[in-house]
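Each chain is listed here by its residues.
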Amino acid sequence: LGRDVLSRIIFGGRISLLVGVMSVIVSGFFGFLMGLLAGYFGGKVDTAIMRFVDLQMSMPSLLIALLVLYILGPSLINVVLILAVTRWMVYARVTRGMMLTLREELYVDASKALGASHLRTIFRHMVPNLMAPILVVATLELAIMLLTEASLSFLGLGIQPPLSSWGLMLSQGREYLTTAWWLVAMPGIAILLTTLSINLIATWLRTSTR
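Presented here is a report on the structure given in the accompanying data block. (Residues numbered from 1 in each chain as written. Predicted model: local features only at pLDDT ≥ 70, side-chain atom pairs only at ≥ 80, totals over all residues. Heavy atoms only, no water.)

### Regarding empty space enclosed by the protein
Reasoning step 1: Per the counting criterion, the structure on display carries 1 cavity of 30 Å³ or more.
Reasoning step 2: The computed volume of the largest cavity comes to approximately 30 Å³.
Reasoning step 3: Elements with a contribution of two residues or more to the lining of the largest cavity: helix 3 (61-72) and helix 4 (76-102).
Reasoning step 4: Partitioning the lining of the largest cavity into residue classes produces 3 nonpolar, 3 polar and no charged. (1 Å grid on protein atoms, 1.4 Å probe; cavity = no way out; pocket = protein on both sides within 12 Å on 5 of 7 lines; lining within 4 Å. Points joined across faces, edges and corners; volume = space filled by probe spheres on them. Helix = DSSP H or I, 4+ residues; strand = E, 2+ residues; numbered from the N terminus. Nonpolar A, V, L, I, M, F, W, Y, C, P; charged D, E, K, R; others polar.)

Given below as C-alpha coordinates:
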(Lines give C-alpha, C1' and ligand atoms only; values in the text may rest on other atoms or scores of the structure.)
Protein backbone atom coordinates (compact mmCIF):
# COMPACT_ATOMS: atom_id res chain seq x y z
CA LEU A 1 0.00 0.00 0.00
CA GLY A 2 3.04 2.27 -0.03
CA ARG A 3 2.86 2.98 3.70
CA ASP A 4 5.97 3.84 5.67
CA VAL A 5 6.20 1.30 8.51
CA LEU A 6 8.36 3.45 10.80
CA SER A 7 5.99 6.42 10.51
CA ARG A 8 2.99 4.22 11.29
CA ILE A 9 4.78 2.71 14.30
CA ILE A 10 5.53 6.20 15.64
CA PHE A 11 2.00 7.43 15.00
CA GLY A 12 0.49 4.19 16.28
CA GLY A 13 2.61 4.51 19.41
CA ARG A 14 0.95 7.83 20.14
CA ILE A 15 -2.49 6.22 19.98
CA SER A 16 -1.49 3.13 21.98
CA LEU A 17 0.16 5.18 24.72
CA LEU A 18 -2.75 7.65 24.76
CA VAL A 19 -5.22 4.80 25.29
CA GLY A 20 -3.01 3.29 27.99
CA VAL A 21 -2.43 6.52 29.90
CA MET A 22 -6.05 7.69 29.71
CA SER A 23 -7.32 4.28 30.82
CA VAL A 24 -4.94 4.30 33.78
CA ILE A 25 -6.02 7.81 34.77
CA VAL A 26 -9.76 7.02 34.60
CA SER A 27 -9.56 3.60 36.27
CA GLY A 28 -7.03 4.84 38.83
CA PHE A 29 -9.14 7.81 39.87
CA PHE A 30 -12.34 5.81 40.29
CA GLY A 31 -10.68 2.81 41.93
CA PHE A 32 -8.61 5.00 44.25
CA LEU A 33 -11.74 6.88 45.35
CA MET A 34 -13.66 3.64 46.00
CA GLY A 35 -10.73 2.25 47.97
CA LEU A 36 -10.54 5.40 50.09
CA LEU A 37 -14.22 5.17 50.99
CA ALA A 38 -14.09 1.44 51.73
CA GLY A 39 -10.93 1.59 53.83
CA TYR A 40 -11.73 4.74 55.79
CA PHE A 41 -15.37 4.21 56.70
CA GLY A 42 -15.43 0.41 56.85
CA GLY A 43 -18.64 -1.33 57.90
CA LYS A 44 -21.46 -1.47 55.37
CA VAL A 45 -19.67 0.89 52.96
CA ASP A 46 -16.63 -1.39 52.89
CA THR A 47 -18.77 -4.51 52.51
CA ALA A 48 -20.83 -3.11 49.64
CA ILE A 49 -17.83 -1.80 47.67
CA MET A 50 -15.66 -4.88 48.15
CA ARG A 51 -18.47 -7.30 47.25
CA PHE A 52 -18.92 -5.37 44.02
CA VAL A 53 -15.16 -5.56 43.46
CA ASP A 54 -15.19 -9.32 44.08
CA LEU A 55 -18.12 -9.75 41.70
CA GLN A 56 -16.43 -7.88 38.88
CA MET A 57 -13.06 -9.55 39.43
CA SER A 58 -14.74 -12.95 39.07
CA MET A 59 -15.67 -12.07 35.48
CA PRO A 60 -13.15 -12.39 32.61
CA SER A 61 -12.25 -8.79 31.80
CA LEU A 62 -11.23 -9.39 28.19
CA LEU A 63 -14.48 -11.21 27.45
CA ILE A 64 -16.49 -8.37 28.99
CA ALA A 65 -14.54 -5.83 26.94
CA LEU A 66 -15.16 -7.77 23.72
CA LEU A 67 -18.88 -8.08 24.46
CA VAL A 68 -19.38 -4.40 25.33
CA LEU A 69 -17.33 -3.17 22.36
CA TYR A 70 -19.29 -5.45 20.06
CA ILE A 71 -22.52 -3.87 21.31
CA LEU A 72 -21.38 -0.22 21.51
CA GLY A 73 -19.02 -0.33 18.56
CA PRO A 74 -15.24 0.14 18.55
CA SER A 75 -13.89 3.66 18.99
CA LEU A 76 -11.08 5.40 20.86
CA ILE A 77 -13.34 6.68 23.66
CA ASN A 78 -15.13 3.35 24.06
CA VAL A 79 -11.84 1.46 24.30
CA VAL A 80 -10.57 3.83 27.01
CA LEU A 81 -13.78 3.56 29.02
CA ILE A 82 -14.01 -0.22 28.73
CA LEU A 83 -10.40 -0.70 29.77
CA ALA A 84 -10.98 1.60 32.75
CA VAL A 85 -14.15 -0.23 33.80
CA THR A 86 -12.44 -3.62 33.70
CA ARG A 87 -9.36 -2.62 35.75
CA TRP A 88 -10.45 -0.14 38.46
CA MET A 89 -10.79 -2.96 41.01
CA VAL A 90 -7.01 -3.34 41.31
CA TYR A 91 -6.65 0.22 42.64
CA ALA A 92 -9.64 -0.22 44.94
CA ARG A 93 -8.20 -3.33 46.60
CA VAL A 94 -4.71 -1.87 47.07
CA THR A 95 -6.02 1.47 48.37
CA ARG A 96 -8.49 -0.17 50.72
CA GLY A 97 -5.83 -2.45 52.19
CA MET A 98 -3.49 0.44 52.91
CA MET A 99 -6.28 2.61 54.30
CA LEU A 100 -7.15 -0.10 56.82
CA THR A 101 -3.58 0.22 58.13
CA LEU A 102 -3.33 4.01 57.98
CA ARG A 103 -6.58 4.70 59.80
CA GLU A 104 -5.08 3.08 62.92
CA GLU A 105 -2.14 5.50 62.97
CA LEU A 106 -1.84 8.04 65.78
CA TYR A 107 -1.74 11.06 63.47
CA VAL A 108 -5.17 10.10 62.13
CA ASP A 109 -6.56 9.93 65.66
CA ALA A 110 -4.93 13.27 66.44
CA SER A 111 -6.49 14.84 63.34
CA LYS A 112 -9.94 13.62 64.36
CA ALA A 113 -9.39 14.79 67.94
CA LEU A 114 -8.56 18.29 66.68
CA GLY A 115 -11.90 18.41 64.88
CA ALA A 116 -10.71 17.88 61.30
CA SER A 117 -13.38 16.78 58.84
CA HIS A 118 -13.30 13.40 57.14
CA LEU A 119 -12.24 15.00 53.85
CA ARG A 120 -9.35 16.87 55.48
CA THR A 121 -8.20 13.80 57.38
CA ILE A 122 -8.27 11.66 54.24
CA PHE A 123 -6.77 14.03 51.68
CA ARG A 124 -4.43 16.04 53.93
CA HIS A 125 -3.01 13.29 56.13
CA MET A 126 -3.68 9.89 54.55
CA VAL A 127 -3.57 10.27 50.76
CA PRO A 128 0.09 11.47 50.65
CA ASN A 129 1.11 8.16 52.23
CA LEU A 130 -0.74 6.23 49.53
CA MET A 131 0.75 7.88 46.46
CA ALA A 132 3.97 5.83 46.22
CA PRO A 133 2.35 2.36 46.11
CA ILE A 134 -0.47 3.59 43.89
CA LEU A 135 2.11 4.99 41.45
CA VAL A 136 3.74 1.56 41.27
CA VAL A 137 0.37 -0.08 40.60
CA ALA A 138 -0.44 2.51 37.92
CA THR A 139 2.87 1.85 36.18
CA LEU A 140 2.21 -1.90 36.08
CA GLU A 141 -1.35 -1.28 34.91
CA LEU A 142 -0.09 0.86 32.03
CA ALA A 143 1.71 -2.16 30.59
CA ILE A 144 -1.42 -4.27 31.01
CA MET A 145 -3.54 -1.60 29.30
CA LEU A 146 -1.16 -1.49 26.33
CA LEU A 147 -1.33 -5.27 25.91
CA THR A 148 -5.11 -5.33 26.28
CA GLU A 149 -5.58 -2.53 23.76
CA ALA A 150 -3.31 -4.39 21.34
CA SER A 151 -5.39 -7.55 21.84
CA LEU A 152 -8.67 -5.74 21.23
CA SER A 153 -7.34 -3.98 18.14
CA PHE A 154 -5.90 -7.25 16.83
CA LEU A 155 -9.35 -8.83 17.15
CA GLY A 156 -10.93 -5.91 15.28
CA LEU A 157 -12.79 -4.34 18.22
CA GLY A 158 -10.25 -1.75 19.27
CA ILE A 159 -8.77 1.19 17.38
CA GLN A 160 -10.22 1.56 13.89
CA PRO A 161 -8.82 3.10 10.66
CA PRO A 162 -7.94 5.81 9.76
CA LEU A 163 -6.33 5.84 13.22
CA SER A 164 -3.54 3.39 13.82
CA SER A 165 -2.17 1.51 16.82
CA TRP A 166 0.36 -1.24 17.29
CA GLY A 167 -2.38 -3.83 17.77
CA LEU A 168 -4.14 -2.69 14.59
CA MET A 169 -0.85 -2.92 12.68
CA LEU A 170 -0.48 -6.50 13.87
CA SER A 171 -3.99 -7.27 12.67
CA GLN A 172 -3.45 -5.68 9.27
CA GLY A 173 -0.07 -7.33 8.77
CA ARG A 174 -0.96 -10.91 9.67
CA GLU A 175 -2.24 -11.62 6.14
CA TYR A 176 1.23 -10.86 4.76
CA LEU A 177 3.24 -12.70 7.42
CA THR A 178 4.93 -15.02 4.92
CA THR A 179 5.76 -12.31 2.37
CA ALA A 180 6.32 -9.16 4.48
CA TRP A 181 7.19 -10.34 8.00
CA TRP A 182 8.29 -6.86 9.10
CA LEU A 183 4.69 -5.62 9.03
CA VAL A 184 4.05 -7.81 12.07
CA ALA A 185 7.53 -7.99 13.59
CA MET A 186 8.13 -4.25 13.98
CA PRO A 187 4.95 -3.33 15.90
CA GLY A 188 5.37 -6.54 17.90
CA ILE A 189 8.88 -5.49 18.90
CA ALA A 190 7.57 -2.02 19.78
CA ILE A 191 4.96 -3.55 22.10
CA LEU A 192 7.57 -5.87 23.63
CA LEU A 193 10.13 -3.14 24.32
CA THR A 194 7.54 -0.68 25.65
CA THR A 195 5.91 -3.11 28.07
CA LEU A 196 9.33 -4.38 29.18
CA SER A 197 10.49 -0.82 29.84
CA ILE A 198 7.34 -0.02 31.80
CA ASN A 199 7.76 -3.14 33.95
CA LEU A 200 11.41 -2.29 34.63
CA ILE A 201 10.35 1.21 35.71
CA ALA A 202 7.69 -0.29 37.97
CA THR A 203 10.29 -2.59 39.53
CA TRP A 204 12.59 0.37 40.15
CA LEU A 205 9.73 2.37 41.70
CA ARG A 206 8.80 -0.56 43.94
CA THR A 207 12.33 -0.90 45.30
CA SER A 208 12.93 2.84 45.65
CA THR A 209 9.72 3.50 47.61
CA ARG A 210 10.26 0.85 50.27
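### A few points about helix 9 (residues 182-208)
Reasoning step 1: With 27 residues, helix 9 extends 38 Å between its outermost C-alpha atoms, agreeing within 8% with the 39 Å of an ideal straight helix rising 1.5 Å per residue.
Reasoning step 2: Where helix 9 is concerned, the buried positions are Val184, Pro187, Ala190, Ile191, Thr194, Thr195, Ile198, Ala202 and Leu205.
Reasoning step 3: At its buried positions, helix 9 is contacted by helix 1 (5-41), helix 7 (131-154) and helix 8 (166-173). (Expected span 1.5 Å × (residues − 1). Buried < 20%, exposed > 50% of the residue type's maximum accessible area, 1.4 Å probe, protein only. Contact = heavy atoms within 4.5 Å.)

### Some points on the side chain of Ser153
Reasoning step 1: Mapped onto the elements, Ser153 comes out in helix 7.
Reasoning step 2: Residue classification places Ser153 among the buried residues on the basis of a relative accessible area of 1%.
Reasoning step 3: One polar contact links Ser153 to Glu149, side chain to side chain, over a distance of 2.6 Å.
Reasoning step 4: Discounting chain neighbours no more than four positions away, the residues touching Ser153 are Gly158, Ile159, Ser165, Gly167, Leu168 and Ser171. (Polar contact = N/O pair within 3.5 Å; in protein donor to acceptor, adjacent residues only side chain to side chain.)

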